[in-house]
Amino acid sequence: MNFLRGVMGGQSAGPQHTEAETIQKLCDRVASSTLLDDRRNAVRALKSLSKKYRLEVGIQAMEHLIHVLQTDRSDSEIIGYALDTLYNIISNDEEEEVEENSTRQSEDLGSQFTEIFIKQQENVTLLLSLLEEFDFHVRWPGVKLLTSLLKQLGPQVQQIILVSPMGVSRLMDLLADSREVIRNDGVLLLQALTRSNGAIQKIVAFENAFERLLDIISEEGNSDGGIVVEDCLILLQNLLKNNNSNQNFFKEGSYIQRMKPWFEVGDENSGWSAQKVTNLHLMLQLVRVLVSPTNPPGATSSCQKAMFQCGLLQQLCTILMATGVPADILTETINTVSEVIRGYQVNQDYFASVNAPSNPPRPAIVVLLMSMVNERQPFVLRCAVLYCFQCFLYKNQKGQGEIVSTLLPSTIDATGNSVSAGQLLCGGLFSTDSLSNWCAAVALAHALQENATQKEQLLRVQLATSIGNPPVSLLQQCTNILSQGDKIDRRGSKIQTRVGLLMLLCTWLSNCPIAVTHFLHNSANVPFLTAQIAENLGEEEQLVQGLCALLLGISIYFNDNSLESYKKEKLKQLIEKRIGKENFIEKLGFISKHELYSRASQKPQPNFPSPEYMIFDHEFTKLVKELEGVITKAIYKSSEEDKKEEEVKKTLEQHDNIVTHYKNMIREQDLQLEELKQQVSTLKCQNEQLQTAVTQQVSQIQQHKDQYNLLKIQLGKDNQHQGSYSEGAQMNGVQPEEIGRLREEIEELKNNQELLQSKLTEKDSVIENLKSSQTSGTNEQSSAIVSARDSEQVAELKQELATLKSQLNSQSVEITKLQTEKQELLQKTEVFAKSVEVQGETQTVIATKTTDVEGRLSALLQETKELKNEIKALSEERTAIKEQLDSSNSTIAILQTEKDKLELEITDSKKEQDDLLVLLADQDQKILSLKNKLKDLGHPVEEEDELESGDQEDEDDESEDPGKDLDHI
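- The protein has the name General vesicular transport factor p115 in an unreviewed UniProt entry, where Rhinopithecus roxellana is given as its organism.
- Of the comments in the UniProt record for the protein, the one headed Sequence similarities (unreviewed entry) reads "Belongs to the VDP/USO1/EDE1 family."
- In its Function (unreviewed entry) section, the UniProt record describing the protein reads: "General vesicular transport factor required for intercisternal transport in the Golgi stack; it is required for transcytotic fusion and/or subsequent binding of the vesicles to the target membrane. May well act as a vesicular anchor by interacting with the target membrane and holding the vesicular and target membranes in proximity."

What about the overall build of the protein?
Argument step 1. The helix and strand tally for the protein stands at 46 helices and four strands.
Argument step 2. Here the protein holds 969 residues, and the buried ones make up 40% of them.
Argument step 3. Nonlocal contacts in the protein, meaning residues at least 24 apart in sequence, comprise 72% of its contacts between residues at least 6 apart.
Argument step 4. Total accessible area computed for the protein in this model is approximately 54,400 Å², and 51% of it derives from carbon and sulfur atoms.

With respect to the pattern of salt bridges
Argument step 1. All told, the structure shown has 23 salt bridges when counted by the stated rule.
Argument step 2. Arg170 is paired through a salt bridge with Glu132; the nearest N and O atoms lie 2.9 Å apart. Taken together, the residues span a long stretch of sequence, with Arg170 in helix 10 (residues 167–172) and Glu132 in the loop between helix 7 (121–130) and helix 8 (136–152) at a distance of 38 residues.
Argument step 3. Put simply, Glu219 and Arg183 hold a salt bridge, and the shortest N to O gap is 3.9 Å. Placement of the pair is Glu219 in helix 13 (residues 209–219) and Arg183 in helix 11 (residues 180–194), with a sequence separation of 36 residues.
Argument step 4. A residue is classified by how much of its surface remains accessible, and Arg183, at 7% relative accessible area, is buried.
Argument step 5. If you follow the salt bridges from partner to partner, you end up with Asp37, Arg40, Arg44, Asp75 and Glu77 in one network.

Observations concerning the packing of helix 4 (residues 54–71) against helix 5 (residues 76–90)
Argument step 1. The contact between helix 4 and helix 5 brings their axes to 9 Å, and the two run at 145°. Judged by the twist between their axes, the crossing of helix 4 over helix 5 is left-handed. Along the contact surface, helix 4 presents Arg54, Val57, Gly58, Met62, Leu65, Val68 and Leu69, while helix 5 presents Ile78, Ile79, Ala82, Leu83, Thr85, Leu86, Asn88, Ile89 and Ile90.
Argument step 2. When its residues are assigned to classes, the contact of helix 4 with helix 5 shows twelve nonpolar, three polar and one charged.

A few points about the environment of Asn208
Argument step 1. Here Asn208 is to be found in the loop between helix 12 (198–206) and helix 13.
Argument step 2. As for Asn208 and Met172, which are separated by 36 residues in sequence, their C-alpha atoms are 8.6 Å apart.

Brief notes about the confidence of the model for the protein
Argument step 1. In the predicted model, the protein carries a mean pLDDT of 81, and 76% of its residues have values of at least 70.
Argument step 2. Across residues 95–101, where pLDDT falls below 50, the model places three contacts with residues more than four positions away in sequence or in other chains.

A short note on a negative patch on the surface
Argument step 1. A surface patch of negative charge is lined by Glu905, Asp908, Glu912, Asp914 and Asp915.
Argument step 2. Judged by relative accessible area, Asp914 falls into the partly exposed class, the value being 32%.

A closer look at helix 11
Argument step 1. Taking 1.5 Å per residue as the helical rise, helix 11 with its 15 residues ought to reach 21 Å, and the 21 Å between its terminal C-alpha atoms agrees with that figure.
Argument step 2. Within helix 11, twelve of the 15 residues are buried, which leaves the element mostly enclosed by the surrounding structure.
Argument step 3. Every buried residue of helix 11 is accounted for by Ile182, Arg183, Asn184, Asp185, Gly186, Val187, Leu189, Leu190, Gln191, Ala192, Leu193 and Thr194.
Argument step 4. In this fold, the buried residues of helix 11 make contact with helix 8, helix 9 (154–163), helix 10, helix 12, helix 13 and helix 14 (227–240).
Argument step 5. Directly after helix 11, the chain includes Ser196, whose backbone phi takes a positive value near 60°.

Some words on the packing of aromatic side chains
Argument step 1. Enumeration according to the criterion identifies eleven aromatic pairs in this entry.
Argument step 2. Taken together, the aromatic side chains of Phe206, Phe210, Phe249, Phe250 and Tyr255 make up a single cluster linked through ring pairs.
Argument step 3. Cation over ring: Lys144 sits above Tyr87, and NZ or CZ is 5.2 Å from the ring centre.
Argument step 4. Here Lys144 stacks its cationic end above the ring of Trp140, 4.0 Å away from the centre of that ring.

Details of helix 20 (residues 345–353)
Argument step 1. Every buried residue of helix 20 is accounted for by Asn347, Gln348 and Phe351. Mapping the buried residues of helix 20 onto a view down its axis gives an arc of 100°, with all of them on the same face.
Argument step 2. Lining the buried residues of helix 20 we find helix 17 (297–309), helix 18 (312–321), helix 19 (327–341), helix 21 (364–372) and helix 22 (379–393).

A short note on the packing of helix 21 against helix 24 (residues 421–429)
Argument step 1. For the pair helix 21 and helix 24, the least separation of the axes is 9 Å and the interaxial angle reads 10°. With respect to helix 24, the element helix 21 is oriented roughly parallel. In contact with Val366, Leu369, Met370 and Met372 of helix 21, helix 24 contributes Ala421, Leu424 and Leu425.
Argument step 2. For the contact of helix 21 with helix 24, the residue count by class is seven nonpolar, no polar and no charged.

Quick notes on the state of the cysteines
Argument step 1. One pass over the full model with this rule turns up zero disulfides.
Argument step 2. In this structure Cys391 is a free cysteine whose sulfur lies 6.9 Å from that of Cys388, the closest cysteine sulfur available.

Quick look at the environment of Leu381
Argument step 1. Position of Leu381 among the secondary structure elements: in helix 22.
Argument step 2. Judged by relative accessible area, Leu381 falls into the buried class, the value being 10%.
Argument step 3. For the pair Leu381 and Thr331, spaced 50 residues apart in sequence, the C-alpha to C-alpha distance is 5.3 Å.

Remarks on the environment of Leu146
Argument step 1. Along the polypeptide, Leu146 turns up in helix 8.
Argument step 2. Exposure remark for Leu146: the relative accessible area of 0% places this residue in the buried category.
Argument step 3. A sequence separation of 43 residues divides Leu146 from Leu189, and the C-alpha atoms of the two residues are 7.2 Å apart.
Argument step 4. Discounting chain neighbours no more than four positions away, the residues touching Leu146 are Leu127, Leu128, Leu131, Val157, Ile161, Leu171 and Leu189.

Quick notes on the side chain of Thr147
Argument step 1. Its place among the elements puts Thr147 in helix 8.
Argument step 2. Take Thr147: its relative accessible area is 9%, and that puts it in the buried class.
Argument step 3. A polar contact is formed between the side chain of Thr147 and the backbone oxygen of Val143, at a distance of 2.7 Å.
Argument step 4. Excluding anything up to four places from it in sequence, Thr147 contacts Asp185, Leu188 and Leu189.

Notes on the side chain of Gln348
Argument step 1. Looking at the element boundaries, Gln348 is found in helix 20.
Argument step 2. Note on Gln348: relative accessible area 0%, which makes it buried.
Argument step 3. A polar atom in the side chain of Gln348 sits 3.1 Å from the backbone oxygen of Cys391.
Argument step 4. Apart from the residues lying within four places of it in its own chain, the contact partners of Gln348 are Ile341, Arg342, Gly343, Cys391, Phe392, Tyr394, Lys395 and Asn396.

Structural notes on unusual backbone geometry
Argument step 1. With an omega dihedral of 0°, the bond running from Asn359 to Pro360 counts as a cis peptide bond.
Argument step 2. Note on placement: Pro360 falls in the loop between strand 1 (355–356) and strand 2 (362–363).
Argument step 3. At Asn222, a position not held by glycine, the phi torsion is positive, near 55°.
Argument step 4. With respect to the element layout, Asn222 can be found in the loop between helix 13 and helix 14.
Argument step 5. For Asn222, a relative accessible area of 17% puts it in the buried group.

Calculation rules
- Residues numbered from 1 in each chain as written.
- Predicted model: local features only at pLDDT ≥ 70, side-chain atom pairs only at ≥ 80, totals over all residues.
- Heavy atoms only, no water.
- UniProt positions renumbered as here; feature names shortened; annotations may be inferred.
- Helix = DSSP H or I, 4+ residues; strand = E, 2+ residues; numbered from the N terminus.
- Buried < 20%, exposed > 50% of the residue type's maximum accessible area, 1.4 Å probe, protein only.
- Contact = heavy atoms within 4.5 Å.
- Areas by Shrake-Rupley, 256 points an atom, 1.4 Å probe, with all protein chains shown as cover.
- Salt bridge = Lys/Arg side-chain N within 4 Å of Asp/Glu carboxyl O.
- Axes fitted to C-alpha atoms, helices over the stretch in contact; angles between N-to-C directions.
- Left-handed = near helix turned anticlockwise from the far one by under 90°.
- Nonpolar A, V, L, I, M, F, W, Y, C, P; charged D, E, K, R; others polar.
- pLDDT = per-residue confidence, 0-100.
- Patch = residues over 30% accessible without salt bridge, like charges linked within 9 Å, V, L, I, M, F, W, Y side chains within 5 Å.
- Lys, Arg positive; Asp, Glu negative; His and termini not counted.
- Charge placed at Lys NZ, Arg CZ, Asp CG, Glu CD.
- Expected span 1.5 Å × (residues − 1).
- Phe/Tyr/Trp six-rings, centres within 6.5 Å; stacked < 30°, edge-to-face > 60°.
- Lys NZ or Arg CZ within 6 Å of the ring centre and 35° of its normal.
- Arc of directions from axis to C-beta.
- Parallel < 35°, antiparallel > 145°, perpendicular 65-115°, else oblique.
- Disulfide = S-S within 2.5 Å.
- Polar contact = N/O pair within 3.5 Å; in protein donor to acceptor, adjacent residues only side chain to side chain.

Next comes the structure, spelled out in structure tokens:
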């Protein structure tokens, strides 16, 4: 500590000798006293002296205070005094009232004491361990001391904490402390800890810092909160700025969605306090950190997408179009919206659709451009609007086309009721305010950036300069204003208008041979440029000369030699004769050597301290870097090299055309592939739906089958066979009773026939006997009498025989008729037997009943068997099955109805039983009470009654648990 003693000795106004001795005695008491109270009192005294006599206390007491922290950790009071004393020694916060000549010396003291303290890394580790103590008098001074150490020597202390085990995690616990003072100072500590240290930033982020900080901001009231919200926002910026890992973690954790409530600022009458303006400004800056153009493009686009999906961009546009918003908040909101939409097509399309709440509604772009070309608006606001317009057009060919189309004759509103973006840009381009000229020229150049189509379309724009004169093209009007130079009295910078127009023309002509041809077609343009370049002007005009050289070089490099008088070779010869190649290249180099060129090339945002510094545009600086070298080569090239280069260009163009053709084919195939994939996915969905429906139907069919089989079992096989046979017979139109009756008639007719045959046989035998007796008679008389008698009998017999024959014939006819009917009945029976045979249910019954008939008519059945096989019809089988299914369904319905009735009856019976049990229980209770009254009155009660009452009591005891009784019932 020799250097500290030197500092002490060099002070002109040091402490008195008695005070130095007091500090020395206090240090001795701290070091040598055995009583804790004595040491505590000594440390408290040192604390009171440490603010006024910072140097002396620091020199003599620091080692003793550190020793107290190591040995007296059990006493929180002495630890708190020691930490407060060290804080007073190291911190510079109390030096505000000191004179300026001693401020630097005080800061040196703080850093020197900090260096002494952290020289032993164990001291920082000891301080981190003390922060784990929950006691307020230990934790709070420890937080303040560590914060002061980080402010004095941040990188060194950060490195010690980083290598300390669980060092950062211990500090993260401070955010969860219920005491707001410690929590708020913990936020300040983490601010100092995370400053410019990516490793610690990552550890803090993965220790759930985002969740805790966003909770604190929400609890404090978002933008309406106090200084705590500001501190949390600063800490969030430390964690996210230039830290791609933390930005990705913030996005993946869905924390962007939690930022939307920050920008719900309420109505215009709610007031804008200074703290609210500060908070909202920091919130807008935090959004810009996530979508900064310096971030990786993939990370930026993903954050832009999330901001649109959660409605954050819509909320920002609401603030943008609101009234009563402070100017600095409005400016920062415009810058924020600019970077949220920059290069992301979806956000750019949404911004193009936003309308201002005016009557009639106007697009937000038009309203912003009106502010940009209005010289009364603040300079920073005009710069913000220009940046917003640039970001809207960045990589947005659709937006570029919409802006250029507002200048074309077919889209201009003839009535003049509405002002378009193109009209505002032209008005600003040709106004008398140089800043408006520059802003409009740069804005129009961004509408042409990397878009050859719009460069050609802009050549069609015609302007009416004055009444009676023919209209001139926009390109011609720009060159006319450029050639006038300082002849027109303008407000602002002398060269700002010309620089803006030259940047517009360079952007317009680059990579557009048609525009170069139009430019060269005006015979006055090339002489003007060569004259500007060849003159020896002052330093202020050198930039204009360099831009003129760049424009002439572009006219050479992108020249397609369509104009005979201004071919590449002739322009090179003109430069060599009038300017000189070396002089031309020197003038071209004035652009990149300008002091404002490097500043504009750093960031896309046009951020200038004053209008005089507003010279270069960021995108134009990239164009200069791209073209400066190739123009230099083109100036020194010979005609043969130009021809070779032209051939190479043509080859490259052909190659590019082929590549473009294949790209288009691939794009179309990709579209077709996407359509086919969508069709396949649709068909898959339909297939899944159909499979689901089929599965449901199969399950339903299986349920019906199970129900049908269950009914078959319940009804019984015999009844089922009988019912099936009767249903089959009725279905074929024949009843079993009719078949039996017909069979009885057939048997009766057969018996009658046999009886008649027997009588006929007897008559024949009598006739034969009479004939034989007639031929053998003995006497004539007797024979005559007998012959006469026999002849009468013969006649009677013949007559009777004829009658019998006629009856026999009629019987035969009747028998034939009955046999025919029987055959028909057998055919019907066979058809029915066949249908029953398919079902396998009643074939055996029918076969047994028709055995006799089939035996007699087997020949007839054999003849008709082939016919039966040919007329089998699936429709009859289907009908039979359907009718059986219908009958089973009806049976199921009947059984279900009966089941429901039975369940209803069971429910009713249970209810009645419960009611009866309740009545019985009430009655038994009443009987018991009556018996008890009789006993009380002295009336004797029979033993059976007593037993019954005892049983009743037992039953009452058993029924104390109503749940068991109910379960039993």
